[in-house]
Protein chains: 4
Amino acid sequence: MRRVAVLGSTGLVGQRFMAMLWKHPWFEPVPVTLSPEKVGRRYGQAVDWVIDWAMPDGLGELALEAFGLSTLMELGVDFVISALPSSVATEVEPALAKEGFAVVSNASSMRLEPDIPLINPEVNASHIDLLKEQARRGWRGFIVKVPNCTTSILTLTLKPIQDVFGIELVAVTSMQAISGAGYHGLPAVKIAGNVIPYIKGEEDKVREETKKILGTLVEGRVRKAGFSVMASTNRVPVLDGHTLSVFVKTVRPAEPEDIATALREFPNNEIVGMNLPTAPRVPVKVLDAVDRPQPRLDVGAGNGMTVTVGRVRRDPDTGWVKYVALGHNTVRGAAGNAVLVSELLLRKGLI
Amino acid sequence: MRRVAVLGSTGLVGQRFMAMLWKHPWFEPVPVTLSPEKVGRRYGQAVDWVIDWAMPDGLGELALEAFGLSTLMELGVDFVISALPSSVATEVEPALAKEGFAVVSNASSMRLEPDIPLINPEVNASHIDLLKEQARRGWRGFIVKVPNCTTSILTLTLKPIQDVFGIELVAVTSMQAISGAGYHGLPAVKIAGNVIPYIKGEEDKVREETKKILGTLVEGRVRKAGFSVMASTNRVPVLDGHTLSVFVKTVRPAEPEDIATALREFPNNEIVGMNLPTAPRVPVKVLDAVDRPQPRLDVGAGNGMTVTVGRVRRDPDTGWVKYVALGHNTVRGAAGNAVLVSELLLRKGLI
Amino acid sequence: MRRVAVLGSTGLVGQRFMAMLWKHPWFEPVPVTLSPEKVGRRYGQAVDWVIDWAMPDGLGELALEAFGLSTLMELGVDFVISALPSSVATEVEPALAKEGFAVVSNASSMRLEPDIPLINPEVNASHIDLLKEQARRGWRGFIVKVPNCTTSILTLTLKPIQDVFGIELVAVTSMQAISGAGYHGLPAVKIAGNVIPYIKGEEDKVREETKKILGTLVEGRVRKAGFSVMASTNRVPVLDGHTLSVFVKTVRPAEPEDIATALREFPNNEIVGMNLPTAPRVPVKVLDAVDRPQPRLDVGAGNGMTVTVGRVRRDPDTGWVKYVALGHNTVRGAAGNAVLVSELLLRKGLI
Amino acid sequence: MRRVAVLGSTGLVGQRFMAMLWKHPWFEPVPVTLSPEKVGRRYGQAVDWVIDWAMPDGLGELALEAFGLSTLMELGVDFVISALPSSVATEVEPALAKEGFAVVSNASSMRLEPDIPLINPEVNASHIDLLKEQARRGWRGFIVKVPNCTTSILTLTLKPIQDVFGIELVAVTSMQAISGAGYHGLPAVKIAGNVIPYIKGEEDKVREETKKILGTLVEGRVRKAGFSVMASTNRVPVLDGHTLSVFVKTVRPAEPEDIATALREFPNNEIVGMNLPTAPRVPVKVLDAVDRPQPRLDVGAGNGMTVTVGRVRRDPDTGWVKYVALGHNTVRGAAGNAVLVSELLLRKGLI
């Protein structure tokens, strides 16, 4: 059992973290807050629990710990999971790494720095080797990042296509759930019965992170994937689950059935055989029904860790492949991915 | 004043038709129903009015007329507007045309037949000349079609780009409103808090209709536009207003500001100067705000006849243009377009 | 194991029935359809599964059976569960009872007839003795009814209050979920972002059924409860879960804590100790948080069989008790209640 | 023309104020902000306009003024309208009154103080005489309050019933729109597809304010109405429009038609004949349709100033009257009411 401090434990993503780590076979979570007024309160009293999973019995009784290097050391924490806002993470996470903590972070800061592994385990677990490069920073610990929510979902579906057919160009339009904005991120009056065709910084994240994740680790550096990802990201009035409309121009011609087979079989799944507790049995599930996936029906697949894909088809004029992908934005796209990365780190003896 | 029979006058699109034609300066509507049990009832009693425009005073007092050739003749109807379901329209509309009625139709049947004009007035009013070709059918009247809702909105934004920069390829993902499915088309339990990534037949309509509308009329035939339109169409929980995420590969490089200018100026607007009562002052309105257009805020632009565009930008890797377009699906995308076509026909002396 | 035919198995309530009966320890379900075009198809192919529970593995493989007396007999069915619309149930259910079938029905027809038990098990399981009276009808089988959805939820909360404090008058306003209207019952365009303050027949059902359920069985007749129930029923844009705002004038003065205690302890729970598989451990759960229950957070309590209550308070001017109750309308309020009644019947040796 | 400073002009209610006062025949609005970073910016740039009325042309060009006594004097303001949060209003408003400003306020603070008129114009315009009592405070100006949103709607419907039949007891359950929580008041993740059965302080406001408004002004004091109002207040996922389910025990027996007539005729409407520009032609509109009013269809009645009522019926057991009332919470329930009160003050020569 490893003790893990969860920074930002009462937020929307923090709630998923606590639910997934509570009774985890390998980890024991310690909820940490950066809000002084919450320190010392029972987790169940301090949190406004709004996620669809019921709060597990007993979790609410934990006491919220204050953030601080000395506190973390006194708590006997083995590593740190960060659900901090990016602005805070920018300062806090390197400081922790410097002091010797392993940090698995969901924050967007530093994701593109060359020596920071950006990991979606089934896709690029091997990039974890980038950690060796962080020694140059003089850190005794390290930082690993998980991708942006949309990128997490997208890359799981692009990887098998890349491996089997090659990819020349991708255009993706997202229909993202409101939970992706966090607890306070989106006033109800803005999104009720509406679409907001803008999510700050999101399109750049999808473009850049996808190329890094699907790139190749060569001599301590990631050589980015050679194709472009054009993104248009939108908020829709759905609670959980990002739906992606994906257009892919493949290098080699691909029939829809072949694409579906590649997605189902997921060759080169980089964590096969590792028996990580949070790894879904099926990372990508392909549905045959003509009108699926749908967030309300499919977001819970694989306890939120499976990406569902449907409507795999071919544009009759151009031969581009089109499909729809759906994933749970705060599980597969955030907390779940970070827990899976933590499991990977433990398996590799890094925590 | 021309008397116009509105077929399917109590449906969702029919309600828009009646509201737009009531007190119209040129037309006087006669509501017609194909449901025997509604015949003779007051319009206001027989309709379940659900659109956001309040029912105009007096409209509710009209009596619903039965459908039938002899009835239409007795009613002294000058032409017919059809909001019939496609399956019914397939038989009814040609029969009416044969008997001498001009039919302006929103139904999807026959839209792609070579001698049927498919008109989005600002874009291709000149295609109305195709009507001459219908003489060969032995009809004394004729049929004009308006495009599919999504295509109506899309083509208004593609036309200026095509004219100024040329288009090589288009990828569009739609987020379509529930009113597009009609009154009975979508059970509440299916779409509440959900996205349904499938609308039957819609992607083919967008692909084929766009190429016809943006084609060139040459010697009695439409030479289709030479580019492809890859579409992915989705239903989202929004009441009115289809939002389109559009990616365009232009022939000549285009800066976002140039695209915006072309959309604002709309060169080659084919109805400029005709003073058609329903024509919006601005067919395409470009918004500067980073998070617009939004259906709830912008769907009413130009009384529902203006398409709003925002987020005109350029993909940094590929140079493709990206933008978001929004239009009112049952006004610009259906009833409003058909009324505008009717006005065009009257101006041209065809009704 | 008893074989049970589920009539109306593909509807919204039918889906709940099939999910609850599949792998049930005592029952084995046979899905029956009254739609000729569905007969013989696989259940998974014929149903448009829209409920939040994932379809259990294997269920989709069952073949849909045709309805008919001879078919039911050939199928070796032990009893029948009916999720038929009331209009159909009126004829079908008595015919089945006449032929010797035990019928547990969710349809509203006949609920108020004096010899038909209307059962909410924890509240009035003893009313099952009314079945003896049905012999006079010349039936070889019998009919048992479960209450209207709102009434099921309401009576679970009124029973402990009635027993401990007495009730003089009740005023209840419901905020009912869209799933209560069935699969086709409510077009999306009507309820999106809206409240519909009318549900046909519902207020009378709540008023009459509550008095029957909370009445006393005396010499083969139910003596109705002596208080009135004033109801106002509304549809709100919530998927599952009816929320009730309840005002109760008690006979004896009641402090909120005493009411809460009575609800928690549920004295005179009529099925305590029977170990019915579907009976929730806690029929009424009282929440302390000031803003609960909420349908999205609490509808799943006790797998949908527990009613949650919150905001138990006292009007400072009048002493009336006020509280909010929430229950799952298609589980506790329909299918779950009927399964629980079936279990009760088996325990009593009646099926 | 009077110049009026609007405090809190960029909030949700502030947006309604600015839209209603812009081009008002009697008033000219000056937008004021208490946020230092907004001072000097164009209104259209500083506001996040989210209400359903389009921003009137020209309004966006106004410059936002800083708050301060000296600033208000320099601006030549004749009176002040306050859309401030209650916590801020508590200090600011009395200070303004002391300095000689007339303050018409939507804030909840001080509404129940004996010398503060709480005015819903059609109901109790005469209570404006309470202003004389404020002289004792040593103020050169004065404060007038408008009621809580729900109370504004409720009292318009209770007044005619009180006048014609007398009222003994009221029970009301509200289904309140999300715009009632203000721009930042309600995170989207909390209310999506949900009901929240709690609005802080609301039930007490409805109870106390109703009795004050429907009370009688006698010798400089309001003698409160002699009946109780039991309230249960809920938030539902509707954008605009509070729907109230009302149960009334009248003193004299009342048939539904008589209640409807009283509501339609509104005897003792206290502003009849005053020709106030914002007064609706019909303060209470009674609808016959069985399923109305509905917020989406009826919230705009009388430009948001008319309360619509439907389903007027009688409980068969008790004789209590039941009905449903709907009003626009930020127009009739806030900004519109305050503008109407301002017009009343001008007519009475008080500003």
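Attention in this report is confined to the structure presented alongside it. Computed from a prediction, not measured in an experiment: that's the story for all the values here.

Bringing the overall build of chain A into the picture now. Along chain A, the regular secondary structure elements total eleven helices and 14 strands. In terms of overall dimensions, chain A is globule-like: its C-alpha atoms have a radius of gyration of 20 Å, near the 20 Å expected for 351 residues. Summarising its shape, the C-alpha atoms of chain A cover approximately 65 × 50 × 35 Å along the three principal directions. Relative to its 351 residues, chain A shows a buried fraction of 66%. Surface exposure of chain A reaches about 12,000 Å², of which carbon and sulfur atoms provide 47%.

As a further point, take the relation of the copies chain A and chain C. For the pair chain A and chain C, the superposition axis carries a translation of 0.0 Å, the fit reaches an RMSD of 0.0 Å, and the rotation angle comes to 180°. Both copies of the chain, as the preceding transformation shows, are related through a two-fold rotation axis. Closest approach to the rotation axis within chain A is made by the C-alpha atom of Gly-193 of chain A, at a distance of 3.4 Å. In this assembly, 100% of the residues forming the interface of chain A have copies in chain C that are likewise at the interface, indicating an isologous arrangement.

Quick look at the interface of chain A and chain B now. The interface of chain A with chain B comprises 47 residues on the first partner and 47 residues on the second. When the two sides are added together, the surface that chain A and chain B hide from each other amounts to roughly 3,800 Å², 57% of it contributed by carbon and sulfur. Seen at the junction of chain A and chain B, the total is twelve salt bridges. There are 24 residue pairs in polar contact (both at pLDDT 80 or more) connecting chain A and chain B. Of all the secondary structure elements, the ones that give two or more residues to the side of chain A that touches chain B are β7 (167-176), α7 (188-191), α8 (202-213), β10 (228-235), β11 (242-250), α10 (295-298), β13 (307-314) and β14 (321-327) of chain A. Looking at the side of chain A that touches chain B element by element, the count peaks at seven residues for β10 of chain A. Tallied by class, residues from the side of chain A that touches chain B come to 24 nonpolar, eleven polar and twelve charged.

Turning our attention to helix α9 (residues 256-265) of chain A. All names here are of chain A. Listed in full, the buried residues belonging to α9 are Pro-256, Ile-259, Ala-260, Ala-262 and Leu-263. Down the axis of α9, the buried set is contained in an arc of 160°. They therefore lie on one face. Exposed side chains of α9 directed beyond 90 degrees from the buried face belong to Glu-257 and Glu-265. Close packing links the buried residues of α9 with α6 (149-165), β12 (284-286), β13 and β14.

The next subject is the pairing of strand β5 (residues 102-105) of chain C. Residue and element names in this part refer to chain C. Here β5 shows a buried face lined by Ala-102 and Val-104 and a second buried face lined by Val-103 and Ser-105. Sheet analysis places strand β4 (residues 79-82) next to β5, joined by three bridges and oriented parallel. Within β5, the position partnered with Ile-81 by the bridge is Val-104. One crossover worth recording links β4 to the parallel β5 by way of helix α4 (residues 86-98), and it is right-handed. With four bridges joining them, β5 and strand β6 (residues 142-145) adopt parallel strand pairing. Pairing of Val-104 across the sheet is with Val-144, part of β6.

Within the structure shown, the criterion is met by 100 salt bridges over all chains. Of the charged contacts in the structure, one is a salt bridge between Glu-255 of chain B and Arg-314 of chain B, with a shortest N-O distance of 4.0 Å. Separated by 59 residues along the polypeptide, Glu-255 of chain B in the loop between β11 (242-250) and α9 (256-265) and Arg-314 of chain B in strand β13 (residues 307-314) bring together distant segments of the chain. The class of Arg-314 of chain B is partly exposed, set by a relative accessible area of 33%. Across the pair Lys-145 of chain C and Glu-93 of chain C runs a salt bridge, and its minimum N-O distance is 2.7 Å. Here Lys-145 of chain C, found in strand β6, pairs with Glu-93 of chain C, found in helix α4; they are 52 residues apart in sequence, far enough to count as distant. Residue classification places Lys-145 of chain C among the buried residues on the basis of a relative accessible area of 0%. Put simply, Asp-204, Arg-207, Glu-208, Lys-211 and Lys-224 of chain A together with Asp-317 of chain B are held in one network by salt bridges that share partners.

Residue and element names in this part refer to chain D. Their axes nearest at 9 Å, the elements helix α1 (residues 12-21) and helix α11 (residues 331-347) cross at an angle of 45°. Comparing the axis directions of α1 and α11 gives the class oblique. As for the relative orientation of α1 and α11, their crossing is right-handed in sense. In this structure, α1 uses Val-13, Arg-16, Phe-17, Met-20 and Leu-21 to contact α11, whose residues at the interface are Val-331, Ala-334, Ala-335, Gly-336, Ala-338 and Val-339. For the contact of α1 with α11, the per-class residue count stands at nine nonpolar, one polar and one charged.

This part is about the environment of Val-123 of chain D. All names here are of chain D. Looking at the secondary structure, you find Val-123 in helix α5 (residues 121-124). Sequence separation between Val-123 and Pro-253 is 130 residues, and the spatial gap between their C-alpha atoms is 22 Å. Setting aside its immediate chain neighbours within four residues, Val-123 contacts Thr-155, Leu-156, Lys-159, Ile-213, Leu-214, Phe-266 and Glu-270.

Packed helices, taken two at a time, are described by their axes: the angle between them and the distance between them. Residues and elements named next belong to chain D. α11 packs onto helix α6 (residues 149-165) with a crossing angle of 90° between their chain directions and a minimal axis gap of 8 Å. Of the possible angle classes, the one that applies to α6 and α11 is roughly perpendicular. Between α6 and α11, the contacting residues are Cys-149, Ser-152 and Leu-156 on the first element and Arg-332, Gly-333 and Asn-337 on the second. Tallied by class, the residues present in the contact of α6 with α11 amount to two nonpolar, three polar and one charged.

Residues and elements named next belong to chain C. If you trace the six strands from one edge of the open sheet to the other, you get β3-β2-β1-β4-β5-β6, paired in parallel fashion. Looking along the sheet, the strands with just one partner apiece sit at the ends: β3 (65-66) and β6. Across the sheet, α4 touches β1 (2-7), β4, β5 and β6, and the angle it forms with β6 is around 135°.

With that settled, the discussion passes to the environment of Leu-217 of chain D. All names here are of chain D. With respect to the helices, strands and loops of the structure, Leu-217 is situated in strand β8 (residues 216-218). Taking the C-alpha atoms as reference, Leu-217 lies 8.4 Å from Asp-129; in sequence the two are 88 residues apart. Not counting chain neighbours up to four residues away, the residues in contact with Leu-217 comprise Ser-126, His-127, Asp-129, Leu-130 and Val-222.

This part is about the side chain of His-24 of chain C. All names here are of chain C. Mapped onto the secondary structure, His-24 falls in the loop between α1 (12-21) and β2 (27-33). We classify His-24 as buried; its relative accessible area is 6%. At 3.2 Å, the side chain of His-24 forms a polar contact with the backbone nitrogen of Phe-27. The contacts of His-24, once residues within four sequence positions are left out, are Met-1, Pro-277, Thr-278, Val-339 and Glu-343.

On to the interface of chain A and chain C. Taken together, the six residues of chain A in the interface contact six residues of chain C. Broken down residue by residue, the surface that chain A buries against chain C is led by Leu-239, Arg-296 and Leu-297 of chain A, which jointly contribute 62%. Our count for the contact surface shared by chain A and chain C stands at zero salt bridges. Across the contact surface, chain A and chain C share two residue pairs in polar contact (both at pLDDT 80 or more). When grouped by side-chain class, the residues that make up the side of chain A that touches chain C number five nonpolar, no polar and one charged.

On to the side chain of Asn-194 of chain C, then. By secondary structure assignment, the location of Asn-194 of chain C is in the loop between α7 (188-191) and α8 (202-213). Sequence-distant contacts of Asn-194 of chain C, defined by excluding residues within four places in its chain, comprise Arg-235, Val-236 and Pro-237 of chain C together with Val-238, Gln-294, Pro-295 and Arg-296 of chain D.

Calculation rules
Every chain is numbered independently, its residues counted from 1 as its sequence is written. To read the labels, note that chains go from A and ligands from 1, taken in the order they are written. Given that the model is predicted, a residue must reach a pLDDT of at least 70 before its local features are reported, and side-chain atom pairs must reach 80 or more before they are shown or counted; all residues, however, enter totals for whole chains, interfaces and linings. Processing note: side-chain calculations cover all non-hydrogen atoms of the structure and skip hydrogens and water entirely. Secondary structure is summarised from DSSP: a helix means a run of H or I of at least four residues, a strand means a run of E of at least two, and numbering begins at the N terminus for each. We compute the radius of gyration from the C-alpha atoms alone; for a globule the expected value is 2.2 Å times N to the 0.38, where N is the number of residues. Exposure is judged per residue with a 1.4 Å probe applied to protein chains only, and the accessible area is read against the type maximum: over 50% gives exposed, under 20% gives buried, and values in between give partly exposed. Shrake-Rupley sampling with a 1.4 Å probe provides the accessible areas, and residues are treated as covered by the protein chains on show and by no other component. Only residues with pLDDT of at least 70 in both copies contribute their C-alpha atoms to the least-squares superposition of the copies. Should any heavy atoms of two residues lie within 4.5 Å, those residues are counted as being in contact. By definition, the buried area sums, over both parts, the 1.4 Å-probe accessible area that each loses when the two are put together. A pair is scored as a salt bridge if a Lys or Arg side-chain nitrogen falls within 4 Å of a carboxyl oxygen belonging to Asp or Glu. Whenever two N or O atoms come within 3.5 Å, that pair is a polar contact, provided that in protein one can donate a hydrogen and the other can accept it, and provided that, for residues adjacent in sequence, both atoms are side-chain atoms. Polarity classes work like this: nonpolar for Ala, Val, Leu, Ile, Met, Phe, Trp, Tyr, Cys and Pro, charged for Asp, Glu, Lys and Arg, and polar for all others, with Gly in that last group. Here the arc refers to the directions that run from the helix axis out to each C-beta atom. Two strands are counted as paired when DSSP detects at least two bridges linking them. Classification remark: right-handed applies to a crossover when, strands pointing away from the viewer, the course from the first strand over the helix to the second runs clockwise. Lines are fitted to the C-alpha atoms to define the axes, a helix being fitted only along its stretch in contact, and any angle between axes, read from their N-to-C directions, falls within 0 to 180 degrees. Throughout this description, any angle smaller than 35 degrees is read as roughly parallel, any larger than 145 degrees as roughly antiparallel, any in the 65 to 115 degree range as roughly perpendicular, and the remainder as oblique. If you view the pair so one helix is near and one far, a crossing is left-handed when the near helix is turned anticlockwise from the far one by less than a right angle, and right-handed when it is turned clockwise.

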